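Residue-level listing of the chains:
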There are 2 protein chains.
Amino acid sequence: MNQIKSYIAEHKERFLTELIDILKIPSISADKAYKKDVLKTADTIKYSLEKVGCDTVEICKTDGYPIVYAQKIIDKNLPTILVYGHYDVQPPDPINLWDSPPFEPVIKKTDKHPDGAIFARGACDDKGQMYMHVKAMEFMTATNQLPCNVKFMIEGEEEVGSANLATFVKNNTEKLKNDVILISDTGMIANNVPSITTGLRGLSYVEVEVTGPNRDLHSGLYGGAVANPINILTKMIASLHDENNHITIPGFYDNVEELSQQERAEMAKAPFNLDAYKKALDINAVYGETGYTTNERNSIRPTLDVNGIWGGYTGEGAKTVIASKAYAKISMRLVPNQDWQNITKLFKTHFENIAPQGVTVKVTPHHGGQGYVTPIDSVGYKAASKAYQDTFGKTPIPQRSGGSIPIVALFEQELKSKTILMGFGLDSDAIHSPNEHFGVWNYLKGIETIPLFYKYFTELSR
Amino acid sequence: MNQIKSYIAEHKERFLTELIDILKIPSISADKAYKKDVLKTADTIKYSLEKVGCDTVEICKTDGYPIVYAQKIIDKNLPTILVYGHYDVQPPDPINLWDSPPFEPVIKKTDKHPDGAIFARGACDDKGQMYMHVKAMEFMTATNQLPCNVKFMIEGEEEVGSANLATFVKNNTEKLKNDVILISDTGMIANNVPSITTGLRGLSYVEVEVTGPNRDLHSGLYGGAVANPINILTKMIASLHDENNHITIPGFYDNVEELSQQERAEMAKAPFNLDAYKKALDINAVYGETGYTTNERNSIRPTLDVNGIWGGYTGEGAKTVIASKAYAKISMRLVPNQDWQNITKLFKTHFENIAPQGVTVKVTPHHGGQGYVTPIDSVGYKAASKAYQDTFGKTPIPQRSGGSIPIVALFEQELKSKTILMGFGLDSDAIHSPNEHFGVWNYLKGIETIPLFYKYFTELSR
């Protein structure tokens, strides 16, 4: 591809301004209060895809938030790349831990991002990474170098489980037909250690409610005589892990793929500094399942984490109360072969079974998705690898991620094509956390690398 | 005492209206936002004490909320009764479970209160019960029947641990000198089973904070690899009870008074219907320490309850986050001979000790107080018993309460006098809970019984 570096250098400021404008819209899909903003973001993405030369651009209605679909078909005999991304973002809570407001983007330098990083909710996940593809498209159409067909499918419900995307995909297999799916919604190891994500964990997300007495009680008059839902909830949650941090839900590990010693040895070659890891998180020790390393614990092993817990009096000062109810949000990250719906069922049955007399328990599944593993000998992987070699000067490392993009497994099932996960964010970019950011260098590097993937994928597909 | 029934009948409506006006002021001492209201309530109480004929009425400043002090000394040779109560109230949370707004009192009939009950925060605890004493005083002064000297000490920080009352008492032992202390801040067994509280549990209230990573993390990227503060907190709290629901803190039971079989048999005679108890709370089973009955568990045994817990994402929908911090408010009810400061220390040491590597733990003591037991052969107890016999037509049952009035032990220590706990509320009155209420019958019965206590105490003291 010619001129790509000069094109980016010339339009860099506009590329940043355009992204910043999108980041200003609080498109929080989990909170109904932001409905207008989510819809406005969809419109903005539609407009930006029209502007970069797509032929057909549509807002496709669903039972939830719409999917923005766009395409440019230049020759039916050439391969087709389907780009997937999402325009919704995670809630910004806890707001008070942000150094600048989450929807007022600012660019600041950091140790890992000496060229500056854009701080805003969604900067990396996924507005920034999604918009790299729009700008890469701009470059290819503006310079007449688009080598193949392209389709865009940008959804607005990824952060709440992509419930309506599945239906859309199933109902539009012909429209979405492609030779490879390209997604930038993961990370890489470091700016000088490029990597391509080859595995994702599945997810089962549930909410639990423990009810004791029918009303809040005075802890003096009733303390010790009735089951306290909060005490019970802590006991129940605590029992979900044994002393080796194995998960105790019967059947939970039944289908877990055990990697060979060779595979684990291969994984262990990825650069990792435990001291730096601990220092970055300000912890004196890591913690997890006995018998596995940190990188194994957060990629090839399933986990169970409480994402939120609440009950009783949480205000200032003291209140001597026994709450009537206690709640928790619990998510399980799953590995390939664990079926998320089965795991959800196992969790529900087990959690209901371990409830002692004196309380009732309700388990409500939120959402979930299957894990995914992609081979490294596919045309798509090879094309991505070559593209990184050109722009980073290094062969990227294949890496299993601990995160989940539940829809990826469904894509393969419905559209019969493999997904290439080209992520340009860093784990330290604080996605889902306060002060989420995305390196300016990474954003531009993504825009530079993507067109090369198009080029090599087209060439290798011949 | 002559005319008491007719006086109450004549002034009943005004007695209710005056109390309702006080209940309208949200004097929540735990929340600084209500400072003005707390202070306004103190002024209102001062005015009401002036109006019923006290000689000296003062607002005594403290480092926190003021203490309203009043007295009427008719003859230095007559005994002096010191009445204690509080004008502050518990926070009304959770607001959404109230059937009517907590600070807009309404009178409604209930099964246990066929004559109606006043529904409002503080109706029973303690504005209603405290105001009975003001109205009893009104009767005695209006009809020239006050038989002895009286002092009132009404504080505004009982619900937050009476931190400044202790200093006030220590600095004013001469001013507060008395022959008996009279408090209505407890309950009785039933309207047809009058009882006098002879024991109170002590209290140690702490807040704990568990910190893991220095920021909220994405649960996919870090899940399973770092200690999740919420999971850890549940494990730590769960471990505070063993499988018999004994508390596991080393040394916790060292000074616990074990009652004799005879004493326990005596206790077991108090009317109690387990089925009715379970039905009233809508629970299928009670729960507690192995080897003890429900009435023992909530009176003669120490307990540990979580009063509040929070951490992570608690909003609508799902957020896949590992929180940086998790919190809980924990209170322990103590029995006589357990020193609350020592127990607080034992808790802190133990909780810090059981924290695994990968997290740090902070334990902040809130407040506490010693338990209390009063003898039933004192002049005060006998006078109270006779008063109840006159107004209820029955000898009251001595009863240990599970609740705490931490300041009572201090009164005895500093003022060298016994406290008589004449409570007229019912356990089902939902103090500290949504829909707190106080029976109109109980309110008036209290006003009727109190002057008789004055009479008999004066007579028996001769």
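Since we're looking at a predicted model, the values are computed, not measured.

**Structural notes on the sheet that holds strand β10 (residues 202-211) of chain A**
And step 1. The eight strands lie next to each other as β15(A)-β10(A)-β14(A)-β12(A)-β12(B)-β14(B)-β10(B)-β15(B), forming an open sheet whose pairing is antiparallel. Both edges of this open sheet fall to β15 (360-369) of chain A together with β15 (360-369) of chain B, since each of them pairs with a single strand only. On average, adjacent strands in this sheet sit at an angle of 20° to one another, irrespective of strand direction.
And step 2. Judged from the eight bridges that link them, strand β12 (residues 303-312) of chain B and strand β14 (residues 325-334) of chain B form a sheet pairing that is antiparallel. In the sheet register, Trp310(B) faces β14(B), and the bridge partner there is Tyr327(B).
And step 3. Across the sheet, helix α10 (residues 340-353) of chain A is in contact with β10, β12 (303-312), β14 (325-334) and β15 of chain A; its angle to β15(A) comes to roughly 170°.

**Focus on the interface of chain A and chain B**
And step 1. With 92 residues of chain A in contact, the opposing surface of chain B contributes 92 residues.
And step 2. Across the chain A-chain B interface, the total number found is two salt bridges.
And step 3. A salt bridge links Lys32(A) to Glu316(B), with the shortest nitrogen-to-oxygen separation between them at 3.0 Å.
And step 4. On the surface where chain A and chain B come into contact, there are 50 residue pairs in polar contact (both at pLDDT 80 or more).
And step 5. Tallying contributions element by element places β12(A) first for the side of chain A that touches chain B, with 10 residues.
And step 6. In this structure, β12(A) lies alongside β12(B), joined through five bridges in antiparallel fashion. Looking across to β12(B), one finds that Gly312(A) is bridged to Gly308(B).

**Regarding the relation of the copies chain A and chain B**
And step 1. Its rotation angle being 180°, the transformation that places chain A on chain B also includes 0.1 Å of axial translation and leaves an RMSD of 0.1 Å. One copy is carried onto the other by what is essentially a two-fold rotation axis.
And step 2. A shared interface surface links the copies, since 100% of the contact residues of chain A are contact residues in chain B too.

**Structural notes on the domain arrangement of chain A**
Residue and element names in this part refer to chain A.
And step 1. One can read the domain layout of chain A as domain 1 (4-200 + 371-461) and domain 2 (202-256 + 302-369).
And step 2. Placing a centre on the C-alpha atoms of domain 1 and another on those of domain 2 gives a separation of 35 Å.
And step 3. Residue-level contacts link 11 residues of domain 1 with seven residues of domain 2.
And step 4. Summing the contributions of domain 1 and of domain 2, the shared interface buries around 670 Å²; its carbon and sulfur component is 57%.
And step 5. Considering only the side of domain 1, the residues that lose the most area to domain 2 are Gly371, Ser404 and Pro406, jointly responsible for 55% of the buried surface there.
And step 6. Our enumeration of links across domain 1 and domain 2 arrives at zero salt bridges.
And step 7. The interface formed by domain 1 and domain 2 holds two residue pairs in polar contact (both at pLDDT 80 or more) in total.
And step 8. In terms of residue class, the side of domain 1 that touches domain 2 is built from five nonpolar, five polar and one charged.

**Details of the packing of aromatic side chains**
And step 1. Following the criterion strictly, the structure yields 28 aromatic pairs over all chains and no others.
And step 2. An angle of 70° between the planes, with centres 6.2 Å apart, marks the rings of Phe438(A) and Tyr443(A) as edge-to-face. For the residue pair Phe438(A) and Tyr443(A), the accessibility class agrees, reading buried in each case.
And step 3. In this structure, Lys108(B) is placed above the aromatic ring of Phe119(B), and the distance from its NZ or CZ to the ring centre is 4.6 Å.
And step 4. The ring of Phe392(B) has Lys445(B) sitting right over it, with the charged end atom 5.7 Å from the ring centre.

**Brief notes about the side chain of Lys127(A)**
All names here are of chain A.
And step 1. Its location among the elements puts lysine 127 in helix α3 (residues 127-142).
And step 2. Buried and unpaired, lysine 127 has no salt bridge, with aspartate 88 as the nearest side chain of opposite charge at 8.7 Å.
And step 3. Excluding residues within four positions of it along the chain, lysine 127 makes contact with Leu19, Ile22, Leu23, Ile25, Ser27, Thr41, His86, Tyr87, Val89 and Gly122.

**Here we look at the sheet that holds strand β5 (residues 117-119) of chain A**
Residues and elements named next belong to chain A.
And step 1. Read across the sheet, three strands follow the order β4-β5-β20 without closing on themselves; strand pairing throughout is antiparallel. Edge positions in the sheet fall to β4 (106-108) and β20 (437-439), since each has one partner strand and no second. Each neighbouring strand pair of the sheet contributes to a mean axis angle of 30°, computed without reference to strand direction.
And step 2. Of the pairings in the sheet, the one linking β4 to β5 comprises three bridges and is antiparallel in character. Bridge pairing in β5 places lysine 108 opposite alanine 117.

**As for unusual backbone geometry**
And step 1. Look at the link from Asp93(B) to Pro94(B): it is a cis peptide, with omega at -10°.
And step 2. Here Pro94(B) lies in the loop between β3 (80-86) and β4 (106-108).
And step 3. The omega torsion across Asp125(B) and Asp126(B) is 0°, close enough to zero to call that bond cis.
And step 4. Take Asp126(B): it is sitting in the loop between β5 (117-119) and α3 (127-142).
And step 5. Even without a glycine there, the phi angle at Lys416(A) is positive, about 55°.
And step 6. Along the chain, Lys416(A) turns up in the loop between α12 (407-415) and β18 (419-421).
And step 7. Residue class for Lys416(A) comes out exposed when judged on its relative accessible area of 69%.
And step 8. Of note in this structure, Asn337(B) is not a glycine but carries a positive phi near 85°.
And step 9. Positionally, Asn337(B) belongs in the loop between β14 and α10 (340-353).

Definitions and limits used
- Residues numbered from 1 in each chain as written.
- Chains lettered and ligands numbered in written order.
- Predicted model: local features only at pLDDT ≥ 70, side-chain atom pairs only at ≥ 80, totals over all residues.
- Heavy atoms only, no water.
- Pairing = 2+ DSSP bridges.
- Helix = DSSP H or I, 4+ residues; strand = E, 2+ residues; numbered from the N terminus.
- Axes fitted to C-alpha atoms, helices over the stretch in contact; angles between N-to-C directions.
- Contact = heavy atoms within 4.5 Å.
- Salt bridge = Lys/Arg side-chain N within 4 Å of Asp/Glu carboxyl O.
- Polar contact = N/O pair within 3.5 Å; in protein donor to acceptor, adjacent residues only side chain to side chain.
- Least-squares fit on C-alpha atoms with pLDDT ≥ 70 in both.
- Domains from an automatic or database assignment.
- Buried area = accessible area lost by both parts, 1.4 Å probe.
- Nonpolar A, V, L, I, M, F, W, Y, C, P; charged D, E, K, R; others polar.
- Phe/Tyr/Trp six-rings, centres within 6.5 Å; stacked < 30°, edge-to-face > 60°.
- Buried < 20%, exposed > 50% of the residue type's maximum accessible area, 1.4 Å probe, protein only.
- Lys NZ or Arg CZ within 6 Å of the ring centre and 35° of its normal.
- Lys, Arg positive; Asp, Glu negative; His and termini not counted.

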